[in-house]
Amino acid sequence: KKIIERTVDEFLEDKIFDLAWKKTFHWITFFENPIASSGYTTSGTVTVDKNEVKLTTGAVSGNSADIWKAPSRQGLITFSQQSNFRTAFVIDSISAATTYFIVGNLSSGSYYGFKLVNATLKGVSFDGTTESTVDLRTISAATQYNIEARYLPRNKIIFLVEAVERGTLATNLPSPADTPNVNFFQYKVTTNENVAKILQVSLFEYLQSRNILR
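None of these values were measured; they are calculated from a predicted model.

Peer 1: I would appreciate a short explanation of the pattern of salt bridges in the present structure.
Peer 2: Here the idea is simple: oppositely charged side chains can pair when their charged atoms come close. Scanning the model with the defined rule gives seven salt bridges in all. Here Glu148 and Arg86 are joined by a salt bridge, their closest N and O atoms 3.7 Å apart. Placement of Glu148 in strand S11 (residues 145-152) and of Arg86 in strand S6 (residues 83-91) is noted, with a sequence separation of 62 residues between them. Assessed through its relative accessible area of 12%, Glu148 is described here as buried. Residue classification places Arg86 among the partly exposed positions, given a relative accessible area of 37%. Here Arg86 ties to Glu205 by a salt bridge, and the two come within 2.7 Å at their closest N and O atoms.

Written out as structure tokens, the structure reads:
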């Protein structure tokens, strides 16, 4: 047994490292400052301090603020492979606001993640044509929530809130042929009244199977 243990110890660490490098893509950010020179694109009022990124709409109905990352020529991100992402957020008001936390692109292509409509947090999926949602739970203003989505291509998306599974979607899943290379991820808050909304987000973490390298 000791001989086997020593032999395993000699190669196991290198094997795990090699598999992680070849078979997964992992990225996490706590949002760098200054935001404009850190590889993010923004619209509306977006600021960063040592704790979070803050998206602030104007006090006019229909006004929005968003942040997204669009890493060109990376060849990694795809909806053909299993992926998970997690984030944490606080919103100052749950009245007349619509918010998205998604992997992909709200403007074109596919996406999956979360949609917040007033006080209702929903799981969301979009196949390029039709958006599907599932109600997950009611939230409160000025309260932090940790959310996580687990995407299984051609199967379903599992949604968790505070590490508890709250719902699934199996319709209008992102197209496996679609790659969110235009937008890696996007957060967007829109006010639906003449009152400003403030969304605070502390991180974005993403893990994806690659399964393409030998």
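Peer 1: Mind showing me how you'd approach the packing of aromatic side chains here?
Peer 2: Each aromatic ring pair is specified by the distance between its two centres and by the angle formed by the two planes. Going through the model one piece at a time under the given rule, you end up with 28 aromatic pairs. Here Phe101 and Tyr187 contribute two aromatic rings whose centre-to-centre distance is 5.5 Å and whose plane-to-plane angle is 70°, an arrangement assigned as edge-to-face. Here Tyr187 lies in strand S14 (residues 185-191) and Phe101 lies in strand S7 (residues 97-104), a separation of 86 residues in the sequence. Among the residues examined, Phe101 registers a relative accessible area of 0% and is labelled buried. For Tyr187, a relative accessible area of 0% puts it in the buried group. The ring of Tyr40 is capped by Lys69, whose NZ or CZ atom sits 4.4 Å from the centre of that ring.

Peer 1: Looking at this structure, I do not really get the sheet that holds S7. What am I missing?
Peer 2: Strand pairing in a sheet is mediated by backbone hydrogen bonds. Such pairs are either parallel or antiparallel. Taking strand neighbours across the sheet as the criterion, the seven strands line up as S2-S5-S14-S7-S8-S9-S10 in an open arrangement whose pairing is antiparallel. This sheet does not close on itself; its edge strands, each paired only once, are strand S2 (41-43) and strand S10 (131-138). On average, adjacent strands in this sheet sit at an angle of 15° to one another, irrespective of strand direction. Bridge count for S7 against S14 is seven bridges, and the pairing is antiparallel. Residue Ala97 lies in a different strand from S14, and its bridge partner there is Thr191.

Peer 1: Any chance you could explain the side chain of Glu205 here in plain terms?
Peer 2: Its place among the elements puts Glu205 in strand S15 (residues 198-209). Among the polar contacts made by the side chain of Glu205, one reaches the side chain of His26 at a distance of 2.8 Å. At a separation of 2.7 Å, a polar atom in the side chain of Glu205 contacts the side chain of Arg86.

What counts, and where the lines are drawn
- Residues numbered from 1 in each chain as written.
- Predicted model: local features only at pLDDT ≥ 70, side-chain atom pairs only at ≥ 80, totals over all residues.
- Heavy atoms only, no water.
- Salt bridge = Lys/Arg side-chain N within 4 Å of Asp/Glu carboxyl O.
- Helix = DSSP H or I, 4+ residues; strand = E, 2+ residues; numbered from the N terminus.
- Buried < 20%, exposed > 50% of the residue type's maximum accessible area, 1.4 Å probe, protein only.
- Phe/Tyr/Trp six-rings, centres within 6.5 Å; stacked < 30°, edge-to-face > 60°.
- Lys NZ or Arg CZ within 6 Å of the ring centre and 35° of its normal.
- Pairing = 2+ DSSP bridges.
- Axes fitted to C-alpha atoms, helices over the stretch in contact; angles between N-to-C directions.
- Polar contact = N/O pair within 3.5 Å; in protein donor to acceptor, adjacent residues only side chain to side chain.

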